[in-house]
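# Working through the structure, step by step
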Amino acid sequence: MTVTERLRVIERLRAGMARGVLSFPLTSFADDGALDLPAYRDYLASRIAAGPGALFPACGTGEFFSLDEDEYGRVIRAAVEVADGRLPVVAGVGYGWAQAARFARIAEDAGADAALLMPHYLVKAPQDGLVAQVREVASRTRLPLIAYQRDQVTFTADSVRRIAEIPGVIGLKDGHGDLDRLQRGKLAAPDGFLFFNGAATAELQARAYASLGVTAYSSAVHAFAPEIARAFFTALGAHDDTTVEKLLTGFYIPFVELRDRVPGYAVSLVKAAARLRGLPVGPVRAPLTDPSPADLTDLAALLERGLDLVGATR
């Protein structure tokens, strides 16, 4: 990818970030656990119709960790085909750098616009190693690369500066919510380097991130209730604190409390909510588990309340 092409991707992402939330779609599986590509394409079409700023298939919410390479390629290609150039498609890649580079090459062949480098597998590493991991992947793909810090990956301000100097690295997604550290990193980065709020249920911290100039965020809620996600995004951009706080107290905070009941609910609860709305996403794959009947009852009531708050139909 030429410098001009990379700049075009950055500008498309920047425009999308200003227009709507970043969509991290679920991956559709049949009841037997097989990839259900026709259902996935239908689901993608419904998410794109809801107007997100960009599409991030096969990332954490999309159960990247449970896909083999063939399935991954079909998931990314379907996302590119359904998006049909209407918005940027950023494919998730990960594990160690060698495997991440393999996924990146598959994403290139499938037509993705960029890649999100998710945290590597298992081990903790020093800053030099974290930077080297990004450099190794970036050197093996033509796709612009967004680094993702969360869990065992945490960049210092100097490391943010260093990864921003790597050719092809265009941004950082933050999943830690440490605003002091994030501000230091943002100030160390060059102008034009992209930053994304990737905290779990990012809306809870969206105002705090925005105070640092980081207004783009990933929305798991968009995966099942784009009406709620869009209403929050609009209110946040308009500095409508009354609506923001109504949605936080009436929907988002109770959703997080429900999400925190069981490990893995950050994905399986989202998928269950999508099924409650009749969306063709199917079950989660192991090691995740679907929510208990009691939690599903609470989720259904919360979803109904959230839709009522924004005047949406069930």
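Everything numeric here is computed off the predicted structure, so don't read it as measured data.

The next subject is the packing of helix 9 (residues 226-237) against helix 10 (residues 241-259). One way to put it is that helix 9 packs onto helix 10 with a least axis distance of 9 Å and a crossing angle of 145°. With respect to the hand of their crossing, helix 9 and helix 10 are arranged in left-handed fashion. Where helix 9 abuts helix 10, its residues I228, A229, A231, F232, A235 and L236 lie against T243, V244, L247, L248, F251 and Y252. Looking at the contact of helix 9 with helix 10 residue by residue, the classes come out as eleven nonpolar, one polar and no charged.

The next subject is the sheet that holds strand 7 (residues 194-197). Spatially, five strands are ordered 3-4-5-6-7 in an open sheet, and the strand pairing comes out parallel. Pairing within the sheet leaves two strands with one partner each, and these edge strands are strand 3 (90-93) and strand 7. Strand-to-strand twist across the sheet, computed as the mean angle between neighbouring axes with direction ignored, equals 25°. Sheet topology note: the strand 6 (residues 169-174)/strand 7 ladder contains four bridges and is parallel. Counterpart to K173 in the pairing with strand 7 is F196.

Relative to the elements of secondary structure, P287 occurs in the loop between helix 11 (265-276) and helix 12 (293-309). On the basis of relative accessible area, P287 is assigned to the exposed category, the value being 73%. Put simply, P287 and G60 are 227 residues apart on the chain and 13 Å apart in space, counted from C-alpha to C-alpha.

Judged by pairing direction, the sheet is parallel, and its three strands sit side by side in the order 2-1-8 without closing on themselves. In the strand order of this sheet, the two ends are held by strand 2 (54-55) and strand 8 (218-219), each with one partner.

A few words now on helix 1 (residues 3-19). The end-to-end C-alpha distance of helix 1 is 24 Å, a good match for the 24 Å that 17 residues give at a rise of 1.5 Å each. Listed in full, the buried residues belonging to helix 1 are V9, I10, L13, G16 and M17. The buried side chains of helix 1 occupy one side of the element, clustering within an arc of 130° when seen end-on. Looking at helix 1, the residues exposed on the side facing more than 90 degrees away from the buried face are T4 and A18.

Right, let's get into the pattern of salt bridges. Inspection of the entire model under this criterion finds 21 salt bridges. The partner of R102 in a salt bridge is E69, with the nearest N and O atoms 2.8 Å apart. Of this pair, R102 sits in helix 4 (residues 97-110) while E69 sits in helix 3 (residues 69-83); the two residues are 33 residues apart in sequence, bridging distant segments of the chain. Classification of R102 as partly exposed rests on a relative accessible area of 39%. For E69, a relative accessible area of 25% translates into the label partly exposed. Of the charged contacts in the structure, one is a salt bridge between D178 and R181, with a shortest N-O distance of 4.0 Å. Given a relative accessible area of 31%, R181 falls into the partly exposed group.

A separate point is the environment of R161. Its location among the elements puts R161 in helix 6 (residues 157-164). In this structure the C-alpha to C-alpha distance between R161 and D70, which are 91 residues apart in sequence, comes to 35 Å. At 2.6 Å, the side chain of R161 and the side chain of D158 are in polar contact.

Turning our eyes to something else, we now look at the packing of helix 10 against helix 11. At a closest axis distance of 9 Å, the pairing of helix 10 and helix 11 adopts a crossing angle of 120°. Viewed along their axes, helix 10 and helix 11 form a crossing whose handedness is right-handed. Contacts between helix 10 and helix 11 involve F255, L258 and R259 on the former and, on the latter, Y265, A266, L269 and V270. Here the residues of the contact of helix 10 with helix 11 are counted per class, giving six nonpolar, no polar and one charged.

Further remarks concern the side chain of D295. Note on placement: D295 falls in helix 12. At 2.7 Å, the side chain of D295 and the side chain of Y265 are in polar contact.

Criteria and cut-off values
- Residues numbered from 1 in each chain as written.
- Predicted model: local features only at pLDDT ≥ 70, side-chain atom pairs only at ≥ 80, totals over all residues.
- Heavy atoms only, no water.
- Axes fitted to C-alpha atoms, helices over the stretch in contact; angles between N-to-C directions.
- Helix = DSSP H or I, 4+ residues; strand = E, 2+ residues; numbered from the N terminus.
- Left-handed = near helix turned anticlockwise from the far one by under 90°.
- Contact = heavy atoms within 4.5 Å.
- Nonpolar A, V, L, I, M, F, W, Y, C, P; charged D, E, K, R; others polar.
- Pairing = 2+ DSSP bridges.
- Buried < 20%, exposed > 50% of the residue type's maximum accessible area, 1.4 Å probe, protein only.
- Expected span 1.5 Å × (residues − 1).
- Arc of directions from axis to C-beta.
- Salt bridge = Lys/Arg side-chain N within 4 Å of Asp/Glu carboxyl O.
- Polar contact = N/O pair within 3.5 Å; in protein donor to acceptor, adjacent residues only side chain to side chain.

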